[in-house]
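Inside the fold
So the chains spell out like this:
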Amino acid sequence: MTTRREFLVVAGAALAAPAEAQLPANIEALRKAALQEAMRKVTGGAPLRSGRVKLDVPPLIDNGNSVALTVTVESPMTPADHVKAIHVFTEKNPQPYVVSAYFGPRAGRAAVTTRCRIADTGTVVAIAQTSDGAFWSDRAQVVVTLSACLEDGLI
């Protein structure tokens, strides 16, 4: 049986200990680093070029649980010059990878339309890898009013 004095000592010690926040204080830096690392894994550190890729996502998103997005890439889709893959990333999701789609020259056109979850207001990035080893990208800033992907360990 615990005495009143023992209970008060333990309760006082628990209250005196510093409270830990749910999210780390440097959450923004961690999210940016996770996005950069995910993009580096796909590109192998190769430079990203602007152009050829068009990312179409609404700038204002009412509900982040189901967001329509379309990525199109200008490419002749011939055996000598075609898009090998399209990758989409977001800055604020617990995992920055959203979707990857792979193509061959017989695909006809390089385009992806899908729905995804976007956790919070931030940047969405689309990267296209071409058959010559180049990486092309486009970015869009989105504002999410109802967040998605909320879970423990959110980075």
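Note that the coordinates shown come from a computational prediction; the quantities given were computed from them, not determined experimentally.

**Focus on the overall build of the chain**
The helix and strand inventory of the chain stands at 2 helices and 9 strands. Each helix (α) and strand (β) of the chain, taken in turn from the N terminus, gives the series α-α-β-β-β-β-β-β-β-β-β. In terms of overall size, the chain is more extended than a compact globule, its C-alpha atoms giving a radius of gyration of 22 Å where 155 residues would be expected to give roughly 15 Å. Along the three orthogonal principal directions, the C-alpha set of the chain runs to about 80 × 35 × 25 Å. Of all intrachain contacts in the chain linking residues separated by at least 6 positions in sequence, the fraction that spans at least 24 positions is 65%. Of the roughly 9400 Å² of accessible surface on the chain, 55% is carried by carbon and sulfur atoms. The chain carries 16 positive and 14 negative side-chain charges, and their two centres are separated by 3 Å.

**Re the packing of aromatic side chains**
Within this structure, the stated rule accounts for 1 aromatic pair. Between Phe89 and Tyr97, the ring centres sit 5.4 Å apart and the planes meet at 50 degrees, which makes this aromatic pair tilted. Using a relative accessible area of 0% as the deciding quantity, one classes Phe89 as buried. The partly exposed category is assigned to Tyr97, whose relative accessible area is 38%.

**Some details on the environment of Ala128**
Turning to its location among the elements, Ala128 is positioned in strand S8 (residues 122–130). Setting aside chain neighbours within four positions, we find Ala128 in contact with Val53, Val73, Val83, Ala85, Ile86, Ala134, Phe135 and Trp136.

**Looking at the sheet that holds strand S2 (residues 53–56)**
The strands making up a sheet associate through backbone hydrogen bonding, with each pair oriented either parallel or antiparallel. Read across the sheet, 3 strands follow the order S2-S4-S7 without closing on themselves; strand pairing throughout is antiparallel. The open sheet is flanked by S2 and strand S7 (110–116), the only strands paired with a single partner. The average angle at which neighbouring strand axes cross in this sheet is 10 degrees, direction not considered. Direction of pairing for strand S4 (residues 67–73) relative to S7: antiparallel, over a ladder of 7 bridges. Looking at S7, one finds that Val67 is bridged to Cys116.

**Things to note about the pairing of S4**
In S4, alternate side chains face the same way, and those of Val67, Leu69, Val71 and Val73 are buried while those of Ala68, Thr70 and Thr72 on the opposite face are not. Bridge count for S2 against S4 is 4 bridges, and the pairing is antiparallel. Pairing of Asp56 across the sheet is with Thr70, part of S4.

**Notes on the side chain of Ser75**
Topologically, Ser75 is positioned in the loop between S4 and strand S5 (83–90). In terms of polar contacts, Ser75 uses its side chain to reach the backbone amide nitrogen of Met77, at 3.2 Å. Sequence-distant contacts of Ser75, that is, excluding residues within four places in its chain, are made with Arg52, Asp81, His82 and Val83.

**Quick notes on the side chain of Thr90**
Structurally, the position occupied by Thr90 is in strand S5. Classification of Thr90 as buried rests on a relative accessible area of 2%. A distance of 3.2 Å separates a polar atom in the side chain of Thr90 from a polar atom in the side chain of Asn93. Once residues lying within four places of it in the same chain are set aside, the contact partners of Thr90 are Leu35, Pro96, Val98, Ile118, Thr123 and Val124.

Rules used throughout
- Residues numbered from 1 in each chain as written.
- Predicted model: local features only at pLDDT ≥ 70, side-chain atom pairs only at ≥ 80, totals over all residues.
- Heavy atoms only, no water.
- Helix = DSSP H or I, 4+ residues; strand = E, 2+ residues; numbered from the N terminus.
- Rg over C-alpha atoms; globule rule 2.2 N^0.38 Å.
- Contact = heavy atoms within 4.5 Å.
- Areas by Shrake-Rupley, 256 points an atom, 1.4 Å probe, with all protein chains shown as cover.
- Lys, Arg positive; Asp, Glu negative; His and termini not counted.
- Charge placed at Lys NZ, Arg CZ, Asp CG, Glu CD.
- Phe/Tyr/Trp six-rings, centres within 6.5 Å; stacked < 30°, edge-to-face > 60°.
- Buried < 20%, exposed > 50% of the residue type's maximum accessible area, 1.4 Å probe, protein only.
- Pairing = 2+ DSSP bridges.
- Axes fitted to C-alpha atoms, helices over the stretch in contact; angles between N-to-C directions.
- Polar contact = N/O pair within 3.5 Å; in protein donor to acceptor, adjacent residues only side chain to side chain.

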